[in-house]
2 protein chains.
Amino acid sequence: MTDQPGGLADSAFLRAARGQPAPHVPVWFMRQAGRSLPEYRAVREGVAMLDACTRPELVVEITMQPVRRHGVDAAILFSDIVLPLKALGVDLDIVSGVGPVVAEPVRDLAAAEAIPSFDGDRVGFVTEAVNELVAQLGGTPLVGFAGAPYTLASYLIEGGPSKDHALTKAMMHGAPDVWRALMDRLVGISAGFLRVQAEAGASAVQLFDSWAGGLTPADYREHVLPYSSAVFERIADLGVPRVHFGVATGEILADMASVDVEVMGVDWRVPLDRAVQRIRPHQAVQGNLDPALVFAPWDVIEAKAGEVLELGRTAPGHIFNLGHGVLPSTDPDVLTRLVDLIHSYEFAVAS
Amino acid sequence: MTDQPGGLADSAFLRAARGQPAPHVPVWFMRQAGRSLPEYRAVREGVAMLDACTRPELVVEITMQPVRRHGVDAAILFSDIVLPLKALGVDLDIVSGVGPVVAEPVRDLAAAEAIPSFDGDRVGFVTEAVNELVAQLGGTPLVGFAGAPYTLASYLIEGGPSKDHALTKAMMHGAPDVWRALMDRLVGISAGFLRVQAEAGASAVQLFDSWAGGLTPADYREHVLPYSSAVFERIADLGVPRVHFGVATGEILADMASVDVEVMGVDWRVPLDRAVQRIRPHQAVQGNLDPALVFAPWDVIEAKAGEVLELGRTAPGHIFNLGHGVLPSTDPDVLTRLVDLIHSYEFAVAS
């Protein structure tokens, strides 16, 4: 997977993330390590999600699977955004077909203040897995990730997945002291978890704010952005490219890009040239083929991927990805073919 | 509820919908007739959703409840977007806690062609209910509605609610003949159902394309817009204001507004002044307080509603609403108070 004599630092992924010319457009897929792969389903059999994330040999195997199979330009650590909360002692689990379920939702100041501080010793299994992965991956970068404070807060407050985040917004507006206490703690956890991964050898990190797109721009700016910004600032010294991503974020993309971040992840709703107009000139973009488009005939996939690639050229760097995670029913062969397409794509001659 | 000596035609709702000066900003709420009201839960006890929609006396009572309680400026017919499909003979039901469930999902041309044509005689109960409502409502307009072809198609193809609409998009891209056949039939059903309501006396109609916001702008334009446009064209002769609405539609708002429509519904993600820049100059806007904001303290609701009202002034007409339906756990007293606030709001002096 090493593209260049220079190795990791010269990998297409890291060059694109830094806005430098790359030998080809790099490509990876959110949730590439997951249920779309039969080899993943095989090793996960009988192992609960959060247990799998804490066993380094499984984390390494699952993280490597899509790299071996698809030849993607980056690995993404097999983990979950709620994993650090669980590792720190928050009573939660991932229930199949539901998502994260929190035993005692956070509804008052005492509960918010009871959220433990980040402690790297509690996630030693991550350090171990990342160390081993970096050795195995060689010239292929490993992306670490964490959930953003708002998205983590929404699970803690709602007690599980929610369509409307009514309780989360009620706390945001109605109990500012509780909100601040909870979000401050989550900043420490998000930043701490990203730091552990980068210090163990991850080449880049991504902050997932999955649900931020459900907020009005005003609420995002006032009640969420300062905390996400703090996460990015706390890890600025690590020197690894940082990616900021959420879904349905078209209206808040400019705000999300106002933080200290190198790469803006863009969901499939926003054409990349529009995204580029909203973010900062030095920022690279990551995205954004509709994850459901993999079920289309190949000629449609080819055409739509080509459009994404052409629009991606309006940014100083482009990392090809889906606009959200790989759907479990995705045919993995289509993803492999897509990687080959991206790698061999011949750009239209500039007019 | 009659605001003006002129009665219905001079109602604040219809004036704003036509971009004419109104005595105050009119307000109604999507799903105002529904589970947030104890009197609704009482009359619905033991009656299945789709049964309730077919009993004129219940439809009238439920439609009138929020008008009586809140003093809103428009009634919305108590119905469901899948009701006409059911009435025409499609085997489906609304399952509590799930949503519409279709017994035999549409997956091939034969199934698409088996979707019945619209037949007004099958929805005589709607005509009856609307006739009675118009008599009772006097100067308060009644809004009729229908699901847009894409949203109806998604239920028919997926067999029920879906997060990713993978099967719908697969058909859109992979089986264009099936897609066309299905969408053509749904155009007839959407337009026919709106026509029945308007001819029975509804003063305005709204087309709900709930899931269109999950499409890329390119896919929306190519595979969905022509059908929604056809619906609006087919009812242009009715002379009633038409509203076009969907959720997470920021990126397709300009396309949605390119059809022959008087009012653009805007979800809470897009500030109304931004929406106005994307739609056509003569169009009024409807929206768009975050439906979850009703759980905030009153001073926050008041401030945010004030922002919506101020931004709404950038359009030639503004109908205040939530950015999506009333959440079932909403305190109805907050909605009543919100109506009073909107009606008595003193606009900032223009600078």
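Each value, and the rule that gives it
- Residues numbered from 1 in each chain as written.
- Chains lettered and ligands numbered in written order.
- Predicted model: local features only at pLDDT ≥ 70, side-chain atom pairs only at ≥ 80, totals over all residues.
- Heavy atoms only, no water.
- Helix = DSSP H or I, 4+ residues; strand = E, 2+ residues; numbered from the N terminus.
- Rg over C-alpha atoms; globule rule 2.2 N^0.38 Å.
- Buried < 20%, exposed > 50% of the residue type's maximum accessible area, 1.4 Å probe, protein only.
- Contact = heavy atoms within 4.5 Å.
- Areas by Shrake-Rupley, 256 points an atom, 1.4 Å probe, with all protein chains shown as cover.
- Pairing = 2+ DSSP bridges.
- pLDDT = per-residue confidence, 0-100.
- Salt bridge = Lys/Arg side-chain N within 4 Å of Asp/Glu carboxyl O.
- Buried area = accessible area lost by both parts, 1.4 Å probe.
- Polar contact = N/O pair within 3.5 Å; in protein donor to acceptor, adjacent residues only side chain to side chain.
- Patch = residues over 30% accessible without salt bridge, like charges linked within 9 Å, V, L, I, M, F, W, Y side chains within 5 Å.
- Core = buried A, V, L, I, M, F, W, Y, C linked by side-chain atoms within 4.5 Å.

A.B. asks: Just checking my understanding: could you explain the overall build of chain A for this structure?
C.D. replies: In terms of helices and strands, chain A carries 16 helices and 9 strands. Here chain A has a C-alpha radius of gyration of 19 Å; the compact-globule value for 351 residues is 20 Å, and the two agree. Taking all 351 residues of chain A together, the buried fraction comes to 62%. Long-range pairs, those at least 24 residues apart, make up 72% of the contacts in chain A between residues at least 6 apart in sequence. With the model as given, the accessible surface of chain A reaches about 12,500 Å², and the carbon-plus-sulfur share is 50%.

A.B. asks: Mind showing me how you'd approach the pairing of strand β3 (residues 99–102) of chain A here?
C.D. replies: Consecutive side chains along a regular strand alternate between the two faces of the sheet. The pairing of strand β2 (residues 92–95) of chain A with β3 of chain A spans 4 bridges and is classified as antiparallel. The residue of β3 of chain A that forms the bridge with D93 of chain A is V101 of chain A.

A.B. asks: Just to check I follow, could you spell out the sheet that holds strand β5 (residues 204–208) of chain A for this structure?
C.D. replies: The pairing of strands in a sheet happens through backbone hydrogen bonds and is either parallel or antiparallel. Residue and element names in this part refer to chain A. Read across the open sheet, the 7 strands follow the order β1-β4-β5-β6-β7-β8-β9; overall the sheet is parallel. What marks the edges here is a single partner per strand, and that holds for β1 (75–76) and β9 (318–322). Examined bridge by bridge, strand β4 (residues 142–147) and β5 share 5 bridges and lie parallel to one another. Bridge assignment links V143 to a residue of β5, and that residue is A204.

A.B. asks: Could you clarify how one ought to interpret the confidence of the model for chain A in this entry?
C.D. replies: The predicted structure's coordinates, where accompanied by low pLDDT, should not be read in detail. Across chain A, the average pLDDT comes to 96, with 98% of residues at 70 or higher. Both scores are available for the predicted complex, with the pTM at 0.96 and the ipTM at 0.95.

A.B. asks: Explanation requested: the pattern of salt bridges in the structure shown.
C.D. replies: Inspection of the entire model under this criterion finds 32 salt bridges over all chains. For D290 of chain B, the salt bridge is made with K169 of chain A, and the minimal N-O distance between the two is 2.8 Å. With D290 of chain B in the loop between β8 (284–289) and α14 (298–312) and K169 of chain A in helix α9 (residues 166–174), this residue pair bridges two chains. We note that D290 of chain B, like K169 of chain A, is buried.

A.B. asks: Is there a simple way to explain the interface of chain A and chain B in this structure?
C.D. replies: Where interface size is given, it is often the accessible area lost as the parts come together that is meant. The interface of chain A with chain B comprises 33 residues on the first partner and 32 residues on the second. Interface area, chain A with chain B, both sides summed: about 2,500 Å², of which 54% is carbon and sulfur. The three residues of chain A that bury the most area against chain B are H173, E251 and R269 of chain A, which together make up 24% of that side's buried surface. For the pair chain A and chain B, the number of links is 12 residue pairs in polar contact (both at pLDDT 80 or more). Breaking the side of chain A that touches chain B down by element, the ones donating at least two residues are α9, α11 (217–223), α14 (272–278) and α15 (298–312) of chain A. It is α9 of chain A that provides the largest number of residues to the side of chain A that touches chain B, a total of 5 residues.

A.B. asks: Would you explain a nonpolar patch on the surface in this entry?
C.D. replies: All names here are of chain A. On the surface, V95, V98 and V101 cluster together into a nonpolar patch covering about 200 Å² of accessible area. For V101, the position within the fold is in strand β3. V101 gets classed as partly exposed once you look at its relative accessible area, which sits at 33%.

A.B. asks: What am I meant to see in the nonpolar core here?
C.D. replies: Nonpolar side chains in soluble globular proteins tend to end up buried together. With 132 residues, the main nonpolar core has F29, V126, L156, W179, L182, F320 and L338 of chain A as its most contacted residues. The element contributing the most residues to this core is helix α10 (residues 176–200) of chain A, with 14 residues. When near neighbours in sequence (up to four residues on either side) are disregarded, L182 of chain A contacts V106, A112, I115, A153, L156, I157 and M171 of chain A. In this structure, V47, M49, L142 and M171 of chain B belong to the second largest nonpolar core, which totals 131 residues.

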